[in-house]
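# Chains, contacts and geometry: an overview
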Amino acid sequence: MGVLVSGCSPSAVATWHGIGQEQVSTYETVNRPTGAPAAAIEAVDRLSAEQGDSIGIAVLDRSTGELSWGRDGARQMYSASLSKVIVAVELLERGSVGPEDRELLQRALGPSDDEAMNALWDRHGGTSLITDAAERMRLQQTRPPADPGRWGDTLTSARDIAAVFQHLLGRMSSDDRDFVLDALHAAPEEAADGVDQNFGLMAMHAQAVKSGWMCCQLGKVWVHSAGVVDPGRRRYAVALLSDQPSAVGYDEAISDLTEAARAALTPLR
């Protein structure tokens, strides 16, 4: 069975295949952002420190080929509904997506319909969707959930989500690429479960965006936003992943993430 992740539920036991400090340092030796992405990352890292939050940022600049990330950009977090983007890319790359599955993908990506994701997860191999996607796209921090039924407990990072968009924009067929971007662009402000998903990058009119939210695994609220921030040019993709103590609640977590999105997009526009 799949899992609904929009509300509070008992904490799952996560398998943190950590990124130890040594491993992070290895990545950082080739993580030298420049230009507008560097300014975006610096702004979010500074804001995160001021707020006392943990907000990971990664920025893809397709004109230079740089994929860069900030202080917490390579830290593993629960994916919440960002796993829907990973699954969509993997399924389309497998090349066996019929009309029914495409309709489910549109529902999962746009209104963030958990029941649609449950059906896709159960029908197409569950955790293998994550492990295969991580191998295909060389994702560094992405791991399947410890509980095979809880797709929202997939582990990932801002760096890896930006890499998913790098694959989507640069390696997928134009038909599959546009299918995903169009589904994200058509996302309504109110999600299928009634949650207002117009926050983060979406609230900044970035348009081709996937929002994610989940509480209260590991005693935290997880709020994310990732997507193409300039759909016409498709130069930049940004991933913002955050966690705060669950006592903070959605409202404050969403407000902080939206402020981070504003800080990130200012130098990118």
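Before any of the text, the structure's been laid out above.
A brief structural summary. (Residues numbered from 1 in each chain as written. Predicted model: local features only at pLDDT ≥ 70, side-chain atom pairs only at ≥ 80, totals over all residues. Heavy atoms only, no water.)

### Some points on the overall build of the protein
- Along its length, the protein carries nine helices and seven strands.
- Buried positions account for 57% of the 269 residues belonging to the protein.
- The contacts in the protein between residues at least 6 apart in sequence include a share of 68% that link residues at least 24 apart.
- Total accessible area computed for the protein in this model is approximately 10500 Å², and 48% of it derives from carbon and sulfur atoms. (Helix = DSSP H or I, 4+ residues; strand = E, 2+ residues; numbered from the N terminus. Buried < 20%, exposed > 50% of the residue type's maximum accessible area, 1.4 Å probe, protein only. Contact = heavy atoms within 4.5 Å. Areas by Shrake-Rupley, 256 points an atom, 1.4 Å probe, with all protein chains shown as cover.)

### Some points on unusual backbone geometry
- For the bond running from cysteine 215 to cysteine 216, omega is 15°, close enough to zero to count as cis.
- Within the secondary structure layout, cysteine 216 lies in the loop between strand E5 (208-215) and strand E6 (220-228).
- Of note in this structure, glutamine 207 is not a glycine but carries a positive phi near 80°.
- Turning to its location among the elements, glutamine 207 is positioned in the loop between helix H8 (174-185) and E5.
- If you check the backbone angles, leucine 218 has positive phi at about 55° while not being a glycine.
- When its relative accessible area of 37% is taken as the criterion, leucine 218 is described as partly exposed.

### Focus on the pattern of salt bridges
- Scanning the model with the defined rule gives 20 salt bridges in all.
- The shortest N-O distance in the salt bridge between aspartate 132 and arginine 94 comes to 2.9 Å. Within this pair, whereas aspartate 132 is found in helix H6 (residues 127-137), its partner arginine 94 is found in helix H3 (residues 83-94), the two being separated by 38 residues in sequence.
- Aspartate 132 sits in the partly exposed class, given a relative accessible area of 32%.
- Among the salt bridges present, the one from aspartate 113 reaches arginine 107, with a minimum N-O distance of 3.1 Å.
- The exposure class assigned to arginine 107 is partly exposed, which follows from its relative accessible area of 27%. (Salt bridge = Lys/Arg side-chain N within 4 Å of Asp/Glu carboxyl O.)

### Details of a negative patch on the surface
- Taken together, Glu189, Glu190, Asp193 and Asp196 make up a surface patch of like negative charges.
- In this fold, aspartate 193 is placed in the loop between H8 and E5.
- We classify aspartate 193 as partly exposed; its relative accessible area is 34%. (Patch = residues over 30% accessible without salt bridge, like charges linked within 9 Å, V, L, I, M, F, W, Y side chains within 5 Å. Lys, Arg positive; Asp, Glu negative; His and termini not counted. Charge placed at Lys NZ, Arg CZ, Asp CG, Glu CD.)

### A look at the pairing of strand E7 (residues 236-245)
- Along E7, nine of the ten residues are buried, which leaves the element largely enclosed by surrounding structure.
- With nine bridges joining them, E6 and E7 adopt antiparallel strand pairing. The partner of glycine 227 across the bridge, within E7, is valine 238. (Pairing = 2+ DSSP bridges.)

### Regarding the nonpolar core
- Ranked by size, the top nonpolar core spans 55 residues in total, and within it Leu105, Ile161 and Phe165 carry the most contacts.
- In terms of residue count, helix H7 (residues 158-170) provides more of this core than any other element does, eight residues in total.
- Apart from the residues lying within four places of it in its own chain, the contact partners of phenylalanine 165 are Leu60, Val85, Leu184, Ala226, Gly227, Val228 and Ala237. (Core = buried A, V, L, I, M, F, W, Y, C linked by side-chain atoms within 4.5 Å.)

### As for the side chain of aspartate 72
- Inspection of the secondary structure assignment puts aspartate 72 in the loop between strand E2 (66-69) and strand E3 (77-78).
- Owing to a relative accessible area of 14%, aspartate 72 belongs among the buried residues under this scheme.

### Description of the packing of helix H4 (residues 99-109) against H8
- As a packed pair, H4 and H8 sit with axes 8 Å apart at the nearest point and diverge in direction by 45°. Put simply, H4 runs oblique to H8. The chirality of how H4 crosses H8 is right-handed. Residues Arg102, Leu105, Gln106 and Leu109 of H4 lie in contact with H8, whose contacting residues are Asp176, Phe179, Val180, Ala183 and Leu184.
- Counted by class, the contact of H4 with H8 contains six nonpolar, one polar and two charged residues. (Axes fitted to C-alpha atoms, helices over the stretch in contact; angles between N-to-C directions. Parallel < 35°, antiparallel > 145°, perpendicular 65-115°, else oblique. Left-handed = near helix turned anticlockwise from the far one by under 90°. Nonpolar A, V, L, I, M, F, W, Y, C, P; charged D, E, K, R; others polar.)

### Points about H7
- Along its 13 residues, H7 runs 18 Å from first to last C-alpha, staying within 8% of the 18 Å computed at 1.5 Å per residue.
- Burial of H7 is extensive: eleven of the 13 residues sit out of reach of the surface. (Expected span 1.5 Å × (residues − 1).)

### Brief notes about the side chain of histidine 167
- Following the sequence through the fold, histidine 167 ends up in helix H7.
- With residues up to four places along the chain from it excluded, the contact list for histidine 167 reads Val89, Glu93, Arg136, Met137 and Met172.

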